[in-house]
Amino acid sequence: MTSTIRKCLFPAAGYGTRFLPATKAMPKEMLTLVNKPLIQYGVEEAINAGLTNIAFVSGRGKRAIEDHFDISYELEHQILGTSKESLLYQIRDVISQCTFSYTRQVEMHGLGHAILTGETLVGQEPFAVVLADDFCSAEGDGVLKQMVALYNEHQCTIVAIEEIPADQTESYGIIAGEEISPGLYQVKEMVEKPKPEDAPSNLAIIGRYILTPDIFDILRHTDPGRGGEIQITDAIAERAKTGKVLAYKIKGQRFDCGQIEGFVAATNFVFENLYTNGS
Ligand code: UTP
């Protein structure tokens, strides 16, 4: 029996320490590229892929995310009928298309742990994961839409990858595998943040995943890995030992907005290419 993806999980409980002091009282995911928060770009990418069941793993100090995806009666009443009302059209459209659910990660034990925390929202079905601090832009289909199409064909776990300079492997999960068609690899090995000399390739995992629900049982038994955190890379590597895991080289551009240089590059990119001033 084939299954389709309906849900998109957004792990958004991290402390965002690389952006302090901006993230002291504000979630990293609410940082804006020009006038739109990173998390809204992520949710719009999910909608573009046909996923309107949105699940957030949030944490302390993340209330602004919930408020963003809700109506702000006072504000909306204030600008009703004025020229500024159009600035809210896009977010209203997002809100009207989606359902939003939330759970909280009480202790931050890493991305794998955050995804396991999301089990209560996801249940026993395949799902997408978006890390909103990886901002992706594509000219045709959005990156998540590309991956959902691939899932519909292959019905298995898929991680998004891109080629990185060999000296940056220590910032990423790195895959090794057999290229089964251009840009699509069957994963044989995955290593979290290896030194360049230990890296099996320069193909780095980025913040888009399609996971099958068996990942939750694997995560439950995954020991803390690098940095003492439960790593999703380790769990997917375990999955690859017994089942098909694909790595897909995305068509589009990706900016690492979890660090300052990537965030500034993304801001310039959005201003020059995507900014529409709400119209
Ligand atoms: P990062 O590795 O970017 O960590 O997490 P971070 O805490 O957000 O940022 P820094 O390193 O302190 O600056 C990647 C993604 O995983 C989520 C983050 O919110 C981000 O979307 N995450 C990470 C969790 O939800 N929980 C965790 O325990 C760790």
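Because the structure is predicted, anything quoted here is derived from the model rather than measured.

**Student:** Which parts of the structure should I look at to understand the overall build of the chain?
**Tutor:** Within the chain, the regular secondary structure consists of 10 helices and 13 strands. Across its three principal directions, the C-alpha atoms of the chain cover 60 × 40 × 35 Å. Counting over 279 residues, the chain shows a buried share of 53%. A sequence separation of at least 24 residues applies to 76% of the contacts in the chain between residues at least 6 apart.

**Student:** Explain the layout of surface pockets to me, please; I cannot follow it from the model alone.
**Tutor:** To find the voids left in a structure, one rolls a probe of water-molecule size over its atoms. Taken as a whole, the largest pocket holds about 1200 Å³ of empty space. Taken together, 42 residues make up the lining of the largest pocket; nearest its centre are Arg18, Lys28, Leu131, Asp133 and Lys193. Where the lining of the largest pocket is concerned, the elements lending two or more residues are helix 5 (111-117), strand 11 (203-211), helix 9 (232-242) and strand 13 (253-256). No other element matches strand 11, which puts 4 residues into the lining of the largest pocket. Each residue belonging to the lining of the largest pocket can be placed in one class, and the counts come to 16 nonpolar, 14 polar and 12 charged. In this structure, the second largest pocket encloses a volume near 800 Å³.

**Student:** Is there a simple way to think about helix 4 (residues 89-97) in this case?
**Tutor:** Since the α-helix turns once every 3.6 residues, residues separated by three or four places project in the same direction. Taken together, the buried positions of helix 4 are occupied by Ile91, Val94 and Ile95. Along the axis of helix 4, the buried positions cluster into a sector of 95 degrees, meaning they face one direction only. The elements touched by buried residues of helix 4 are helix 1 (38-48), helix 2 (63-68) and strand 5 (99-104).

**Student:** Looking at this structure, how should I read the state of the cysteines?
**Tutor:** The bond known as a disulfide is covalent and runs between the sulfur atoms of two cysteines. Enumeration over the complete set of coordinates arrives at 0 disulfides. Cysteine Cys156 shares no disulfide, and the gap to the nearest cysteine sulfur, in Cys8, comes to 17 Å. As a non-bridged cysteine, Cys257 has Cys136 as the owner of its nearest cysteine sulfur, 9.3 Å distant. Assessed through its relative accessible area of 0%, Cys257 is described here as buried.

Cut-offs and rules
- Residues take numbers from 1 onward in each chain, read along the sequence in its written order.
- Only residues with pLDDT of 70 or above have their local features reported here, since the model is predicted, and side-chain atom pairs are shown and tallied only from 80 upward, although totals for entire chains, interfaces and linings are computed over all residues.
- To get the side-chain values, take all heavy atoms of the structure and skip hydrogens and water.
- A run of H or I in DSSP becomes a helix once it reaches four residues, and a run of E becomes a strand once it reaches two; helices and strands are each numbered from the N terminus.
- Buried means the residue's accessible area, taken with a 1.4 Å probe over protein chains only, is under 20% of the maximum for its type, while exposed means over 50%, and partly exposed covers the values in between.
- Whether two residues touch is decided by their heavy atoms; if any such pair falls within 4.5 Å, the residues are in contact.
- Site definitions follow a grid-based scheme: protein atoms alone, a 1 Å grid, a 1.4 Å probe that fits but cannot get out for cavities, and for pockets an open set with protein on both sides within 12 Å along at least five of seven lines, plus lining residues having an atom within 4 Å of a point.
- Grid points are joined across faces, edges and corners, and a volume is the space filled by probe spheres set on the points.
- Residues were grouped as follows: Ala, Val, Leu, Ile, Met, Phe, Trp, Tyr, Cys and Pro as nonpolar; Asp, Glu, Lys and Arg as charged; and all remaining residues, including Gly, as polar.
- Picture the helix axis, draw a direction to every C-beta atom, and the arc is the one those directions span.
- Disulfide: a pair of cysteine sulfur atoms within 2.5 Å of each other.

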